[in-house]
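Fold and geometry: a report
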Amino acid sequence: MKVLVTGGAGFIGSHLGEALMQRNNEVVAIDDLSTGDTKNLHALMEKKGFQLIVDSVLNEPTLDALVREADLIYHLAAAVGVKLIVSQPVKTIETNIRGSEVVLKLANKWRKPVVVASTSEIYGKGSSIPFTETDDMVLGPTTRNRWSYACSKAIDEFLALAYHREKALPVMCVRLFNTVGPRQVGQYGMVLPTFARQALSHDPITVYGDGSQSRTFCSIFDVVDALIRLVEKNDTWGEVFNIGSDEEISILELAKLVKKKTNSRSEIKFISYDEAYEAGFEDMQRRIPNIAKLKKAIGFQPRHSISAIIDQVVESLKKSNSS
Ligand code: UDP
């Protein structure tokens, strides 16, 4: 199969590309390298059957040719990372909405199946833990930048599902919860690579708020496996799936665990949300997926514990620091 991965040079896209190639697919990655990096494609660049197109998904003529050639599309290209979203809201909204518009329009033109990557941000400040695919979205006001990301992704989901309902296009929306693993960078705000880097260099580990907020962290390897297995089923099209781990950990516990595992001398430093992001920033206190639907569809069970994931992330950081 020839698979088109938009955002293919990103953290998730590059791991997905590797897994698809291992399963004997051809992969074409398109990425504008805004947050993606060719370094992520180290293992793929020279491989026969892999191709990187450095361009934006907003470039319709380029994308038209790629979609026409593809058998399946994973649409991952998006503005990601809470820090980036807060600092560049125009880019976030435009990339996410226009990008998906173009991809879905062309997928429909050439009748190609598409998996649209969405996000757990969609659940916003909802408090019905764990979050189930049919739960309401509970978002903050438009005066808080953070919520633009959830809204832009909600529009992507609406549009994808509309193509399915109205035009019988095979589409699937996957809501990715916090996904972590080797090669993820902390630059755009992601907590685990940030903590790991701080701990390894014995800098203060920056816990935002009081650290009582919690998340679940799913290994990129489990996520990629789910992404591939979901399209192998016939009854998953037209559906929305949570993908994540259900092992909950508070951010303070995470900081302590990273510090312990790296034998770090770092102090744990608490920083207010206003200082970390922007005045009035709203965080979610808990974010845990209900993965019953995913379990039923593909027998999903996360194989990597948070402890094992931290070890992998630390190892990969050490390796990239020494190279
Ligand atoms: N966080 C933190 N220190 C950091 C980066 C993030 O305490 O250096 C917190 C952040 O406020 C949030 C959690 O870690 O409560 C997860 O943040 P991330 O940006 O990785 O993902 P989110 O779940 O917010 O999308």
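Going by the structure above, here's the rest.
Residues numbered from 1 in each chain as written. Predicted model: local features only at pLDDT ≥ 70, side-chain atom pairs only at ≥ 80, totals over all residues. Heavy atoms only, no water.

**Digging into a nonpolar patch on the surface**
Taken together, the side chains of Met137, Ile155 and Phe158 define a hydrophobic patch exposed on the protein surface, amounting to about 300 Å² of accessible area. For Ile155, the position within the fold is in helix α5 (residues 146-167). (Patch = residues over 30% accessible without salt bridge, like charges linked within 9 Å, V, L, I, M, F, W, Y side chains within 5 Å. Areas by Shrake-Rupley, 256 points an atom, 1.4 Å probe, with all protein chains shown as cover. Salt bridge = Lys/Arg side-chain N within 4 Å of Asp/Glu carboxyl O. Helix = DSSP H or I, 4+ residues; strand = E, 2+ residues; numbered from the N terminus.)

**Considering the nonpolar core**
With 40 residues, the main nonpolar core has Leu16, Tyr74, Leu230 and Ile243 as its most contacted residues. Broken down by element, the residue count for this core peaks at eight residues, all from helix α7 (residues 220-231). Contact partners of Ile243, with chain neighbours within four places excluded, come to Val174, Arg175, Leu176, Phe177, Val223, Ala226, Leu227, Leu230 and Leu294. Among the nonpolar cores identified, the runner-up in size contains 25 residues, and Leu63, Ala70, Tyr163 and Val171 belong to it. (Core = buried A, V, L, I, M, F, W, Y, C linked by side-chain atoms within 4.5 Å. Buried < 20%, exposed > 50% of the residue type's maximum accessible area, 1.4 Å probe, protein only. Contact = heavy atoms within 4.5 Å.)

**Observations concerning the pattern of salt bridges**
Throughout the structure, instances matching the rule amount to 20 salt bridges. The partner of Asp225 in a salt bridge is Arg23, with the nearest N and O atoms 3.3 Å apart. Placement of Asp225 in helix α7 and of Arg23 in the loop between α1 (11-22) and β2 (26-31) is noted, with a sequence separation of 202 residues between them. Given a relative accessible area of 16%, Asp225 falls into the buried group.

**Some thoughts on the site of the ligand**
Looking at the ligand, there are 19 residues lining it, with Thr206, Tyr208, Arg215, Asp283 and Arg287 nearest. Here an oxygen atom of the ligand and a backbone polar atom of Tyr208 are 2.7 Å apart. In this structure, Asp283 approaches the ligand through a side-chain N or O atom, which is 2.6 Å from an oxygen atom. Burial of the ligand by the surrounding chains reaches 95%, relative to a free accessible area of 520 Å². Breaking the shell around the ligand down by element, the ones donating at least two residues are α6 (191-200) and β8 (205-208). (Near = heavy atom within 4 Å. Polar contact = N/O pair within 3.5 Å; in protein donor to acceptor, adjacent residues only side chain to side chain.)

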